[in-house]
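Breakdown of the fold
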Amino acid sequence: MNKTKLKGGIFNRVSDTNLLLSITVVIFILMYLGAIIFLGSGFKKPQMLFNILNANAALIITACGMSLVMISGSIDISVGGVVALVSMCCAVYLDVNHHNGNVYVSMLIALGIGLAFGIIQGLLVAYLNIQPFIVTLAGMFFARGMTTIVSTAPFNVKNQAFDKLKLTRINVPGMGSYNKKGLYIPAYVEIGVLVALAVVVILFLVLRYTRLGRAFYAVGGNQQSALMLGVNVKRTKFLSHVFCGLLAGLGGYVYFLHVGSGAASHATGMEMNAIASSIIGGTMLTGGVGNVVGTLFGVLSLSTIQNIVSSAGLDQAWWTGITIAAMLCIFLLIQSIVIRQRKRALKR
Amino acid sequence: MNKSLLKKITSNQLFIPLLALFLLAIINLIVDPSFFKVTLGTNNEGNPVLSGYLITILDYGSELAILAIGMTLVTSASGGQDISVGATIAITGSAMLRVLCGSNTRPEQLAAPIIVAFLVACIVGMLCGAFNGALVSIFKIQPMIATLILFTAGRSIAAWINNNELPIVPDPKFKYFGGFIPGIPIPTTVFIVIICVIVTALILKFTNLGLYTQSVGINEKSSRLNGINPTMIKMLAFIFLGLCVAVASLIKVSRLATINYSVIAKDIEMDAILAVALGGNSLSGGKFNIWASVLGAYIIQFLTTTLYKFNVQSDALAAYKAVVVILLVVFSAPKVRESLSRLKTKKALKAVNKGETK
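Residues numbered from 1 in each chain as written. Chains lettered and ligands numbered in written order. Predicted model: local features only at pLDDT ≥ 70, side-chain atom pairs only at ≥ 80, totals over all residues.

**Thoughts on the overall build of chain A**
- Summing up its helical and strand segments, chain A has 14 helices and four strands in all.
- In summary, chain A has a C-alpha radius of gyration of 21 Å against a globular reference of 20 Å for 348 residues, a match within 12%.
- Taking the principal axes of its C-alpha atoms as reference, chain A extends roughly 65 × 50 × 35 Å.
- The 348 residues of chain A split such that 49% are buried.
- Long-range pairs, those at least 24 residues apart, make up 77% of the contacts in chain A between residues at least 6 apart in sequence. (Helix = DSSP H or I, 4+ residues; strand = E, 2+ residues; numbered from the N terminus. Rg over C-alpha atoms; globule rule 2.2 N^0.38 Å. Buried ≥ 20, exposed ≤ 12 C-beta atoms within 10 Å, placed from the backbone. Contact = placed C-beta atoms within 7 Å.)

**Brief notes about the overall build of chain B**
- What chain B contains, in helices and strands, is 15 helices and two strands.
- Relative to the 2.2 N^0.38 estimate, which gives 21 Å for 358 residues, the radius of gyration of chain B is 23 Å and therefore close to what a compact globule would have.
- When its C-alpha atoms are laid out on the principal axes, chain B stretches across 90 × 55 × 40 Å.
- In chain B, buried positions account for 47% of the 358 residues.

**Overview of the confidence of the model for chain B**
- Overall, the prediction assigns chain B a mean pLDDT of 86, with 98% of residues at 70 or greater.
- In the predicted complex, the global pTM is 0.83; the interface-specific ipTM is 0.76. (pLDDT = per-residue confidence, 0-100.)

**Some details on the nonpolar core**
- Core analysis: the largest hydrophobic core is formed by 205 residues, its most contacted members being Leu328(A) and Ala68(B).
- Counting contributing residues, this core receives three or more from each of domain 1 (2-310) and domain 2 (312-358) of chain B.
- Here Leu328(A) is in contact with Ala276(A), Ile279(A), Ile280(A), Leu148(B), Ile149(B) and Thr152(B), once residues within four sequence places are set aside. (Core = buried A, V, L, I, M, F, W, Y, C linked by C-beta atoms within 7 Å. Domains from an automatic or database assignment.)

**Quick notes on the pairing of strand E3 (residues 184-190) of chain A**
Residues and elements named next belong to chain A.
- Bridging between strand E2 (residues 169-178) and E3 involves six bridges; their strand directions are antiparallel. The residue of E3 that forms the bridge with Val172 is Ala187.
- Between E2 and E3, which follow one another and run antiparallel, lie five residues, and Gly182 among them has a positive phi close to 85 degrees. (Pairing = 2+ DSSP bridges.)

**Comments concerning the domain arrangement of chain B**
Residue and element names in this part refer to chain B.
- Looking at chain B, the domain boundaries give domain 1 (2-310) and domain 2 (312-358).
- Placing the centre of domain 1 and that of domain 2 at their C-alpha centroids yields a distance of 31 Å.
- Opposite the 11 residues of domain 1 that make contact, domain 2 presents nine residues.
- Those elements giving two or more residues to the side of domain 1 that touches domain 2 turn out to be helix H2 (15-31), helix H12 (268-278) and helix H13 (290-309).
- When residues in the side of domain 1 that touches domain 2 are grouped by element, the largest group, four residues, is from H13.

**A few points about the interface of chain B and chain A**
- Each partner contributes to the interface: chain B provides 37 residues, whereas chain A provides 36 residues.
- Looking at the side of chain B that touches chain A, the elements with two or more residues in it are helix H7 (143-161), H12, helix H14 (317-332) and helix H15 (334-357) of chain B.
- The dominant element in the side of chain B that touches chain A, judged by the number of residues it contributes, is H7(B), at 12 residues.
- Residue composition of the side of chain B that touches chain A, by class: 27 nonpolar, five polar and five charged. (Nonpolar A, V, L, I, M, F, W, Y, C, P; charged D, E, K, R; others polar.)

**What to know about the environment of Thr39(B)**
All names here are of chain B.
- Among the secondary structure elements, Thr39 is positioned in strand E1 (residues 39-42).
- A count of 10 C-beta atoms within 10 Å places Thr39 in the exposed class.
- On a C-alpha basis, the gap between Thr39 and Leu67 in space is 29 Å, while along the polypeptide they are 28 residues apart.
- Setting aside its immediate chain neighbours within four residues, Thr39 contacts Ser51 and Gly52.

**Let's talk about unusual backbone geometry**
Residues and elements named next belong to chain A.
- Its identity is not glycine, yet Asn129 carries a phi of approximately 55 degrees, on the positive side.
- With respect to the helices and strands, the residue Asn129 is situated in the loop between helix H5 (103-128) and helix H6 (132-150).
- Its identity as a non-glycine residue notwithstanding, Ala267 has a phi of 55 degrees, on the positive side.
- Note on placement: Ala267 falls in the loop between strand E4 (261-262) and helix H12 (270-280).
- On the basis of neighbour counts, which here come to 30 C-beta atoms within 10 Å, the residue Ala267 falls in the buried class.

**Some points on the packing of helix H3 (residues 53-60) of chain B against H13(B)**
Residues and elements named next belong to chain B.
- For the pair H3 and H13, the least separation of the axes is 9 Å and the interaxial angle reads 135 degrees. Here H13 runs oblique to H3, going by the angle between their axes. Pair H3 / H13 crosses with right-handed handedness. Contacts between H3 and H13 involve Tyr53, Thr56, Ile57 and Tyr60 on the former and, on the latter, Tyr298, Gln301, Phe302, Thr305 and Lys309.
- Grouping the amino acids of the contact of H3 with H13 by side-chain chemistry returns five nonpolar, three polar and one charged. (Axes fitted to C-alpha atoms, helices over the stretch in contact; angles between N-to-C directions. Parallel < 35°, antiparallel > 145°, perpendicular 65-115°, else oblique. Left-handed = near helix turned anticlockwise from the far one by under 90°.)

**Side note on the packing of helix H2 (residues 16-38) of chain A against helix H13 (residues 292-311) of chain A**
All names here are of chain A.
- Here H2 crosses H13 at 30 degrees, and the two axes come no closer than 9 Å. Classified by the interaxial angle, the pair formed by H2 and H13 is roughly parallel. Note on packing geometry: the crossing formed by H2 with H13 is left-handed. Contacts from Leu20, Leu21, Thr24, Val25, Ile27, Phe28, Met31, Tyr32 and Ala35 in H2 reach Val293, Gly294, Phe297, Gly298, Leu300, Ser301, Thr304, Ile305 and Ile308 in H13.
- Class assignment for the residues of the contact of H2 with H13 results in 13 nonpolar, five polar and no charged.

**Focus on helix H4 (residues 62-78) of chain B**
All names here are of chain B.
- Compared with an ideal rise of 1.5 Å per residue, which puts 17 residues at 24 Å, H4 spans 24 Å between its outermost C-alpha atoms and is within 8% of the ideal.
- Of all 17 residues making up H4, 17 are buried, and the element is well covered by its neighbours.
- Following H4 by one or two positions, Gly79 adopts a phi angle in the positive range, close to 70 degrees. (Expected span 1.5 Å × (residues − 1).)

**Points about the environment of Val197(B)**
Residues and elements named next belong to chain B.
- In this structure, Val197 sits in helix H8 (residues 188-206).
- The class of Val197 is partly exposed, set by 16 C-beta atoms lying within 10 Å.
- Placed 128 residues apart in sequence, Val197 and Ile69 show a C-alpha to C-alpha distance of 8.0 Å.

**What about the pairing of E1(B)?**
Residue and element names in this part refer to chain B.
- Across four bridges, the pairing between E1 and strand E2 (residues 48-51) is antiparallel. Its bridge partner being in E2, Gly41 is matched across the sheet by Val49.
- Where E1 folds back on E2, the antiparallel hairpin that results is connected by five residues, among which Gly46 adopts a positive phi of roughly 85 degrees.

**A look at the confidence of the model for chain A**
Residue and element names in this part refer to chain A.
- The share of residues in chain A with pLDDT of 70 or more is 94%, and the mean pLDDT across the chain is 86.
- Taken element by element, the predicted model of chain A shows its lowest mean pLDDT in helix H1 (residues 10-13) (60) and its highest in helix H11 (residues 233-259) (95).
- Across residues 1-7, confidence stays below pLDDT 50; counting only partners more than four residues off in sequence or on other chains, it has 14 contacts.

Next up, the structure:
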């Protein structure tokens, strides 16, 4: 991590990671408060936040994997394709009309597909020194193509055990609301959200307190000096890709659990959303700077702004794309300016 | 002597793309010799046209070839790639249709001459390029991330320009750019590519831009110390790519005389980057060879056409493409080449040793 402690203002005393993280958190809170004040209605209920979480649990998981790869200075754009492939394979395996498989085996299939992608891409990137962009681009093409080869027609899954798992809702105590008739409706989250939050916590601890986590930052910050510090650069890069692939597999299963169907068009553009949320969360593509908690807030900010746009009456499809891009642009400019200012301060 | 010649050939930048082209041609020749047949027929309007798989490749590879020219320059100068070209094609195409049709989506007559619409599209494309270029060169954001902004917004902006309507151009002349001019049997797109290539060649020949671009890509700091303005060079590369995008969008829109915002030029950015990589150019910037990239673009189209011929579904195409790309990239990776050549020398040494013991 870039801990550049200097005497002077608070601005110079915080590390790059924490500074970018706090910017994101503050902007997210301001945005949500603004939505509550100016738009009211849906945003006043806590269930709105939980709905955002329910819909984006898979994105949180894959974006965490993306942050991990980006922190170690690489990139993986195959995650969207892997998510689609995983949900299609699990759908075909589980459906009564196809294989009528076991739910637990389907989880293993999901993780296995993700792991396979991670290992192959990691080998090519870390040990053969091929550009990560090209490798994972091919990975994306392959995953998308395989999805249509497995099955072209989209279909809903019918499987008793799976339906039970899919409809499991965990009530959050004290967060419910009353409807017009005075009935109490409990607030709930789906299983995927718990998985996503667990992933965030575990990755946060791993990145902060373990040798491997430190190695990710070191390799991303400066390969040469990481090598001199005795870090196994190639293995670290390889592992970052393996983790990202595994998380993409897990994210794919969570996505599948949320939508309950298989289709070739699933998770289109998810890789770009994952990259965007990582950046908004303060991870820098140059590597060495970033935090998974920031990524969580990145995903939340991204989907909150989508909700704001649609509930503010700008429901034409194009406004979502334009606002996300504008937000991305603003965050990138903030990052660029902040980093430049700090470099100047350091030189003095 | 013979050995060094072989080495010279295999280490040439054009070796891998030419080998790929050769292999593809051989496969097609074995499976179906009629692949190379070119016939002269007439189309629906009674014009003489050439048809055949080779013509298809030349015709449909042209957008990619034009984009590959610009992408090579951007890659060389900035060490990154522009992933917004597909979305920018949607924007420029939409702007072109807006000028051609005005506010009416089913006009009887053109609201403006085609040349005006094309110039507007060029300006819009250059503005998009300048936006990307400014983010990359002035704000020092990595190209892939900076262009992610237009990638996400592009198709939405394109839909916004025409209020999400799909105007149809009434004038049959507009279709000439993506089809055939009456009386000329060769697709117009081929001429457009030739013009683009000649213009680029002239620019590179009579200015220092090519040299400057490479030096900025190799070492930005030292080229600034030598009096080159890296910001300017990067900007110019992106603006030039914007111009290429405008030309490509003219062809794309002209093929159908209308536009579909979410589908037009989908995934073309990936193909354009692949074309640059296939041509043997380093994706991290520096030296470049534009002709190799153009060749790479046609190889990708060759591959696509070959796969279509084998009745591969258009959706499943990507999987086969990915396998080919991975094989190509692995074999052209310096590390693999090194170990292969080491293997050869080891074998040779062994043979020599054996000879000595005998």
